[in-house]
Amino acid sequence: MRIGELARRTGVSERALRYYEEQGLLRPERLPSGYRVYTELDVAAVRRVRLLLAAGLSTAQINEALPCMVDEDELLQPKCSGLVDALAAHRDRIEEAIGELESTRANLNALIGRARPVG
């Protein structure tokens, strides 16, 4: 299939698919004309990439993580213990950032609450 069909089937823009290829996350065949040719395996690969992006991983992290992931019954699971540790550390960083954002929100709410009506 060509890139337009892959985009339609995955709901991902052609531009994003080209970016995934630049990042080494997709490796389509190339015809002599330069057109990319994708397979059903690429549909599944895009799904895996989207799941990992939604989990907050960068494309560089995804590139490192994909070889240590298994896709069983459409459930993506880490198979390398080192990856589990890295994902847990990433989760901890996210939780820390959430805590900082909650503190920032509380400070803003306090400032807003102290505002005097203009009039």
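The model shown is predicted, which means the values in this text are computed figures rather than measured ones. All residue numbers here refer to positions counted from 1 along the written sequence of the relevant chain. Per-residue local features are limited, in this predicted model, to residues with pLDDT of at least 70; the limit for side-chain atom pairs, both in listing and counting, is 80 or more; totals at the level of whole chains, interfaces and linings are taken over all residues. Each side-chain value is derived from all of the structure's non-hydrogen atoms; neither hydrogens nor water enter the calculation.

**A look at the UniProt feature "coiled-coil region" (unreviewed entry) in the protein**
In step 1: The UniProt entry lists residues 87-114 under the feature "coiled-coil region" (unreviewed entry), expressed in the numbering used here.
In step 2: Secondary structure elements are defined from DSSP: runs of H or I of at least 4 residues count as helices, runs of E of at least 2 residues count as strands, and each element is numbered from the N terminus. The annotated region residues 87-114 carries 96% helix and 0% strand content, and the separation between its end C-alpha atoms amounts to 41 Å. UniProt positions are given in the numbering used here, feature names are shortened, and annotations may be inferred rather than shown by experiment.

**Observations concerning the packing of aromatic side chains**
In step 1: Any two rings among Phe, Tyr and Trp, with Trp reduced to its six-membered ring, count as a pair given centres within 6.5 Å; such a pair is stacked if its planes are under 30 degrees apart, edge-to-face if over 60, and tilted if neither. Inspection of every chain in the model, using the stated rule, returns zero aromatic pairs.
In step 2: Of note, Arg-2 hangs over the ring of Tyr-35, and the distance from its end group to the ring centre comes to 4.3 Å. We count a charge as sitting over a ring when the NZ of a lysine or the CZ of an arginine lies within 6 Å of the ring centre and within 35 degrees of the ring normal.

**Some words on the UniProt feature "domain: HTH merR-type" (unreviewed entry) in the protein**
In step 1: Under the local residue numbering, the UniProt record ascribes the feature "domain: HTH merR-type" (unreviewed entry) to residues 1-68.
In step 2: The annotated region residues 1-68 carries 57% helix and 6% strand content, and the separation between its end C-alpha atoms amounts to 27 Å.

**With respect to the environment of Arg-105**
In step 1: Within the secondary structure, Arg-105 is located in helix α5 (residues 81-113).
In step 2: Placed 39 residues apart in sequence, Arg-105 and Leu-66 show a C-alpha to C-alpha distance of 36 Å.

**Looking at helix α1 (residues 3-10)**
Since the α-helix advances by 3.6 residues per turn, residues separated by three or four positions end up pointing in the same direction.
In step 1: Throughout, exposure labels follow a simple rule: accessible area from a 1.4 Å probe, protein chains only, divided by the maximum for the residue type, with under 20% read as buried, over 50% as exposed, and the rest as partly exposed. Among all positions in α1, only Ile-3, Gly-4, Leu-6 and Ala-7 are buried. Here the buried residues of α1 occupy an arc of 165 degrees about the axis, which is enough to place them on one side.
In step 2: Here a residue-residue contact requires only that any non-hydrogen atoms of the pair lie within 4.5 Å. Taken together, the buried residues of α1 touch α2 (14-22), β2 (36-37) and α3 (40-54). When we speak of the arc, we mean the arc of directions from the helix axis to the C-beta atoms.

**Looking at α3**
In step 1: Under the 1.5 Å per step criterion, the end-to-end length of α3 is 22 Å for 15 residues, consistent within 8% with the ideal 21 Å.
In step 2: Within the span of α3, buried status applies to Asp-42, Val-43, Ala-45, Val-46, Val-49 and Leu-52.
In step 3: The secondary structure elements touched by the buried residues of α3 are α1, α2, β2, α4 (59-65), β3 (69-72) and β4 (75-78).
In step 4: One or two steps after α3, the chain reaches Gly-56, where phi turns positive at roughly 90 degrees. Helix span is expected to be 1.5 Å times the residue number reduced by one.

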